[in-house]
Amino acid sequence: MTSTPVRRLTVAQALVRFLSVQYTERDGVRRRLITGTWGIFGHGNVAGLGQALLEAGEDAMPFHQGRNEQAMVHAAVGHARQLNRLSTQAVTTSIGPGATNLVTGAALATINRLPVLLLPGDYFATRTADPLLQQLEHPVEADLSVNDTLRPVSRYFDRVTRPEALIPSALNAVRVLTDPVETGAVTLCLPQDVQAEAYDWPEEFFAERVWHVRRPAPDPYELAEAVEAIRAAERPLIVAGGGIHHSEAEDALKALVDATGIPVASTQAGKGSLRYDHPADLGGIGHTGTAVSDDLARTADLVIGVGTRYTDFTTASNTLFKNPAVRFLNLNIASFDAHKLAARALVCDARAGLTALTEALSGHRVDAAYESEYRVGKDRWEQVVDTAFTAADDNAVPTQTQVLGALDSVVGDDDVIINAAGSLPGDLHKLWRARSPRQYHLEYGYSCMGYEIPAAIGVQQAAPDTPVWALVGDGTYLMMPTEIVTAVQEGLPVNLVLVQNHGYASIGGLSESVGGERFGTPYRYRAADGTFTGDPLPVDLAANAASLGMDVLRAETVGELRAALAKARASDRPTCVYVETDPTPTAPPAEAWWDVPVAETAARESAVRAREEYDRQAAARRRHL
């Protein structure tokens, strides 16, 4: 009788070895799935995964030292997005606060449908030490740990309490990570005693595995229905979502648009699906959209969503699509998203579906008058962008939109611009001229303050020869500047544009619009009346960035800013461009509503007026059934 070859390793050693030989394949191109592991070590993982990573070596599993567990997840997510979800990174933490710090990053990954592998330590499976340091004790659920906070934000979750249980658990983890429908955060909790326990592993567990990332074709019936709907439409509008980028379907979208003349408006995740100067690219849609996109959305009789999940920003809280006859056609790889808004569903890969539509619509084109209408609107909006981006005087203090204008004049086609929160996402969605599919990197599914700097590191690791820019305001910077140290340590020349406007400017504006009078949003001294309305705080964020190892360039005028940005782009070191902005609003106002409920009863006049406006806007909401 022939025995099955085995290898005696600890659970942690086996997991690292297994992950090092997992690959994805799409369109005949093979890529490593887990390109590296981020880690902060504590008693819950140092003797297990820490020892295993040391023993495996950098060739088998590159290791990256983080400073904050949430930031490590952001870095891995940025890395995965840059690589079209075909590769990602793992994140290991100790038990307790290290593990719970993963929750925000995991939620961000799952909401944005981006893969990341989380490997938090856990309590002793044997309970020989009970309770141990940082263990949560629950009076009626003894098997509950703080890691269970990761269950609702994970697409797959397991606690590996026996060595042999790692085999099905690891295989399921990779299955979910590589599934374009199911992907998101995957969590494998690893009790610290089990990590260090040895087991005789079958050699076939460590064989190279290639996971094919499928491109499902459209169902013939659904395709025929979709073609019929498009041919019947007089004012069709494509809403391009992030699924176009994940599928690398940008060329397929362009082919469809070139053949049919159907215009394209983009969500935050979908911007860049067409290059900004394509005559059918109308820019962003929804609350932060362009005038031309939102005007067409209000009169569209067929909205064709491609790879979008229709957030409230996109639909203007269900007030944007006003045509009484409007219907929806959703092309999406996930049935869950394809059926939203009572749509006709075309459940398939974005590239496969767009290609099939182009072939089936041969000879069809929208009316010439419709094309002329949206092209005129596009030209008019470009003039708005020029006005917002341009300063009359190079010696003037720049506004926030003029900061974007200066950056626009410096970047190349392949530079990556990263942002997630504050007032910048709205300005960028309206105004940024995306020149390539990966240039516009906005995390707006979770809009997480602190995402930008670690995500820039992950993107830079994925695209080492590409200039990468993290755009942050002072509020976001103070949330999570720690990974600047990591960029310096790794020699990654990320660029940070740090905009100082002395507070939570975005929420301050929202607060004012809903009757909150900017309460709790300025970064200022407390005044005699108890409010935060005194002088700005004497915080020097540029000095802080320098203290963490960045080169820092201070700019006070538009001309100095443009020069500093060019110098940063040419540098081979992590560089911060610091600028204090003129608070005068120069961005165009919102072209569509966003539903933020206002107090129904209030004593202050500002809230009473805000509620009156809210009731007026809310009356336009509708359910698309």
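Residues numbered from 1 in each chain as written. Predicted model: local features only at pLDDT ≥ 70, side-chain atom pairs only at ≥ 80, totals over all residues. Heavy atoms only, no water.

1. Concerning the overall build of the protein
(1) Moving on: What the protein contains, in helices and strands, is 24 helices and 23 strands.
(2) Moving on: Scaling as 2.2 N^0.38, a compact globule of 625 residues should have a C-alpha radius of gyration of about 25 Å, and the protein matches this with 25 Å.
(3) Moving on: Taken over the C-alpha atoms alone, the protein extends approximately 80 × 70 × 55 Å along its principal axes.
(4) Moving on: For the protein, with 625 residues in total, the buried portion stands at 57%.
(5) Moving on: Surface exposure of the protein reaches about 24800 Å², of which carbon and sulfur atoms provide 53%.
(6) Moving on: Computing the positive centroid from 55 side-chain charges and the negative centroid from 77, the protein places the two 3 Å apart. (Helix = DSSP H or I, 4+ residues; strand = E, 2+ residues; numbered from the N terminus. Rg over C-alpha atoms; globule rule 2.2 N^0.38 Å. Buried < 20%, exposed > 50% of the residue type's maximum accessible area, 1.4 Å probe, protein only. Areas by Shrake-Rupley, 256 points an atom, 1.4 Å probe, with all protein chains shown as cover. Lys, Arg positive; Asp, Glu negative; His and termini not counted. Charge placed at Lys NZ, Arg CZ, Asp CG, Glu CD.)

2. Details of the packing of aromatic side chains
(1) Moving on: Using the criterion set out here, one finds twelve aromatic pairs in the structure.
(2) Moving on: Seen from their ring centres, Phe41 and Phe63 are 5.3 Å apart, and the 15 degrees between their planes marks the pair as stacked. In this pair, Phe41 is assigned in the loop between strand 4 (34-39) and helix 2 (46-60) and Phe63 in strand 5 (residues 63-65), connecting sequence segments 22 residues apart.
(3) Moving on: Lying over the aromatic face of Tyr23, Arg30 brings its terminal NZ or CZ to 4.0 Å of the ring centre.
(4) Moving on: The ring of Tyr123 carries Arg127 above its face, with NZ or CZ at 5.0 Å from the centroid. (Phe/Tyr/Trp six-rings, centres within 6.5 Å; stacked < 30°, edge-to-face > 60°. Lys NZ or Arg CZ within 6 Å of the ring centre and 35° of its normal.)

3. Some points on helix 6 (residues 166-177)
(1) Moving on: Between its first and last C-alpha atoms helix 6 spans 16 Å; for twelve residues at 1.5 Å apiece the expected length is 16 Å, and the two agree.
(2) Moving on: Where helix 6 is concerned, the buried positions are Leu166, Ser169, Ala170, Ala173, Val174, Val176 and Leu177. The arc enclosing the buried residues of helix 6, seen along the axis, measures out at 160 degrees, which places them on a common side. (Expected span 1.5 Å × (residues − 1). Arc of directions from axis to C-beta.)

4. Notes on helix 24 (residues 605-618)
Helical periodicity: at 3.6 residues per turn, an α-helix aligns residues three or four positions apart in one direction.
(1) Moving on: The end-to-end C-alpha separation of helix 24 is 20 Å, in line with the 20 Å expected for 14 residues at 1.5 Å each.
(2) Moving on: Buried residues in helix 24 make contact with helix 21 (505-513). (Contact = heavy atoms within 4.5 Å.)

5. Thoughts on a nonpolar patch on the surface
(1) Moving on: Together, Tyr525, Leu537 and Val539 give the surface a local cluster of nonpolar side chains, amounting to about 250 Å² of exposed area.
(2) Moving on: Residue position: Leu537 is located in the loop between helix 21 and helix 22 (541-547). (Patch = residues over 30% accessible without salt bridge, like charges linked within 9 Å, V, L, I, M, F, W, Y side chains within 5 Å. Salt bridge = Lys/Arg side-chain N within 4 Å of Asp/Glu carboxyl O.)

6. Let's talk about the sheet that holds strand 3 (residues 29-32)
(1) Moving on: The strand order 3-2-11 describes an open sheet built from three strands, whose pairing is mixed. With partners counted over all chains shown, the strands left at the sheet margins are strand 3 and strand 11 (209-212), one partner each. Taking each pair of neighbouring strands and ignoring which way they run, the sheet shows an average axis angle of 30 degrees.
(2) Moving on: Examined bridge by bridge, strand 2 (residues 22-26) and strand 11 share four bridges and lie parallel to one another. Within strand 11, the residue paired with Gln22 across the bridge is Arg209. (Pairing = 2+ DSSP bridges. Axes fitted to C-alpha atoms, helices over the stretch in contact; angles between N-to-C directions.)

7. Here's the deal with the pattern of salt bridges
(1) Moving on: Tallied over the full model, the rule gives 38 salt bridges.
(2) Moving on: Between Asp148 and Arg159 there is a salt bridge; the shortest N-O distance is 2.9 Å. In this pair, Asp148 is assigned in the loop between strand 7 (116-122) and strand 8 (156-159) and Arg159 in strand 8, connecting sequence segments eleven residues apart.
(3) Moving on: For Asp148, a relative accessible area of 13% gives the class buried.
(4) Moving on: With relative accessibility at 12%, the residue Arg159 sits in the buried group.
(5) Moving on: In this structure, the salt-bridge partner of Asp179 is Arg214, at a minimum N-O distance of 3.2 Å.

8. Focus: the environment of Pro263
(1) Moving on: For Pro263, the position within the fold is in the loop between helix 10 (250-260) and strand 13 (264-266).
(2) Moving on: Taking the relative accessible area as the measure of exposure, Pro263 reaches 0% and is therefore buried.
(3) Moving on: Pro263 sits 19 residues away from Leu282 along the chain, and the two C-alpha atoms are 7.0 Å apart.
(4) Moving on: Apart from residues lying up to four places away in sequence, Pro263 is in contact with Pro236, Leu237, Ile238, Ala280, Leu282, Leu296, Tyr370 and Tyr374.

Remember, this is a structural readout, not a statement about activity or role.
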